[in-house]
Amino acid sequence: MSYNYNNRIIESECGSYQEKFLEYAQNWEDEEQIERKKVKIIVKEPEDGISSFEDKINSYIYCNKKNIKVYDIKYQKNSVMIIYEDKECKN
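To start, this report covers the structure provided alongside it. (Residues numbered from 1 in each chain as written. Predicted model: local features only at pLDDT ≥ 70, side-chain atom pairs only at ≥ 80, totals over all residues. Heavy atoms only, no water.)

A short note on the pairing of strand 4 (residues 68–75)
Every other side chain in a regular strand lies on the same face of the sheet, so the side chains alternate between the two faces.
Part 1 of the reasoning: Bridging between strand 4 and strand 5 (residues 79–86) involves seven bridges; their strand directions are antiparallel. Paired with K69 across the strands is E85, a residue of strand 5.
Part 2 of the reasoning: A loop of three residues connects strand 4 with strand 5, the two strands running antiparallel in sequence. (Pairing = 2+ DSSP bridges. Helix = DSSP H or I, 4+ residues; strand = E, 2+ residues; numbered from the N terminus.)

What follows is the structure, given as structure tokens:
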């Protein structure tokens with residue numbers, strides 16, 4: 001699995017997303033440019049079939065379509081990571 005973050009390619013074996021993104025979570029204010037992207041991880045439950053897992057992912061995106069802008073979706077066998085940014089509220 002690889003992920004492009006601030007023009008750097010991060011290579012990682014299949015496994016947890018957590019290690020790489022914990023590093024970003026701790027250092028996200030260190031640079032001039034403030035990162036506004038967030039991560040949502042949806043985990044497949046043992047009772048979920050393939051179609052119900054897809055429904056869970058699609059439901060999250062559909063329910064939040066007015067509030068978020070999706071940049072990327074990374075998936076593994078039992079989890080999906082959605083990289084998104086909150087849309088700004090215009091009052």
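Digging into the sheet that holds strand 4
Pairing between the strands of a sheet is mediated by backbone hydrogen bonds and can be parallel or antiparallel.
Part 1 of the reasoning: Pairing in this open sheet of three strands is antiparallel, and the strands run 3-5-4 from one edge to the other. Of all the strands in the sheet, just strand 3 (37–43) and strand 4 have a single pairing partner and so form its edges. In this sheet, adjacent strand axes meet at a mean angle of 25° when their direction is disregarded.
Part 2 of the reasoning: Here strand 3 pairs with strand 5 via seven bridges, running antiparallel. Residue pairing in the sheet places K38 in a bridge with Y84 of strand 5.
Part 3 of the reasoning: Contacts from helix 2 (residues 50–63) reach strand 3, strand 4 and strand 5 within the one sheet, and its direction differs from that of strand 3 by about 150°. (Axes fitted to C-alpha atoms, helices over the stretch in contact; angles between N-to-C directions. Contact = heavy atoms within 4.5 Å.)

A few points about the environment of Y75
Part 1 of the reasoning: Mapped onto the elements of the fold, Y75 is located in strand 4.
Part 2 of the reasoning: Separated by 32 residues in sequence, Y75 and V43 place their C-alpha atoms 10.0 Å apart.

Observations concerning the pattern of salt bridges
Part 1 of the reasoning: Summed over all chains, the structure comprises three salt bridges.
Part 2 of the reasoning: Of the charged contacts in the structure, one is a salt bridge between D86 and K38, with a shortest N-O distance of 2.5 Å. One end of the pair, D86, is in strand 5; the other, K38, is in strand 3, and 48 residues separate them in sequence.
Part 3 of the reasoning: In this structure D86 comes out as partly exposed when scored by relative accessible area, which is 36%.
Part 4 of the reasoning: With its nearest N and O atoms 3.3 Å apart, the salt bridge here joins D72 to K74.
Part 5 of the reasoning: Given the relative accessible area of 26%, D72 is considered partly exposed.
Part 6 of the reasoning: On the accessibility criterion, K74 (18% relative accessible area) is buried. (Salt bridge = Lys/Arg side-chain N within 4 Å of Asp/Glu carboxyl O. Buried < 20%, exposed > 50% of the residue type's maximum accessible area, 1.4 Å probe, protein only.)

Here we look at the nonpolar core
Part 1 of the reasoning: I42, F53, I57, Y60, I68, V80, I82 and Y84 together form the largest nonpolar core, which totals eight residues.
Part 2 of the reasoning: Taken together, the elements giving at least two residues each to this core come down to helix 2 and strand 5.
Part 3 of the reasoning: Aside from chain neighbours lying at most four places away, what touches Y84 is R36, K37, K38, V39, K40, Y60, I68, K69, V70 and Y71. (Core = buried A, V, L, I, M, F, W, Y, C linked by side-chain atoms within 4.5 Å.)

Considerations on helix 2
Part 1 of the reasoning: Look at helix 2: 20 Å from first C-alpha to last across 14 residues, which is about the 20 Å you get at 1.5 Å a residue.
Part 2 of the reasoning: Those residues of helix 2 that fall on the buried side of the exposure criterion are F53, I57 and Y60. Buried residues of helix 2 fall within an arc of 60° about the axis and therefore sit on the same side. Counted as exposed and oriented over 90 degrees from the buried face of helix 2: Y62 and C63.
Part 3 of the reasoning: At its buried positions, helix 2 is contacted by strand 3, strand 4 and strand 5. (Expected span 1.5 Å × (residues − 1). Arc of directions from axis to C-beta.)

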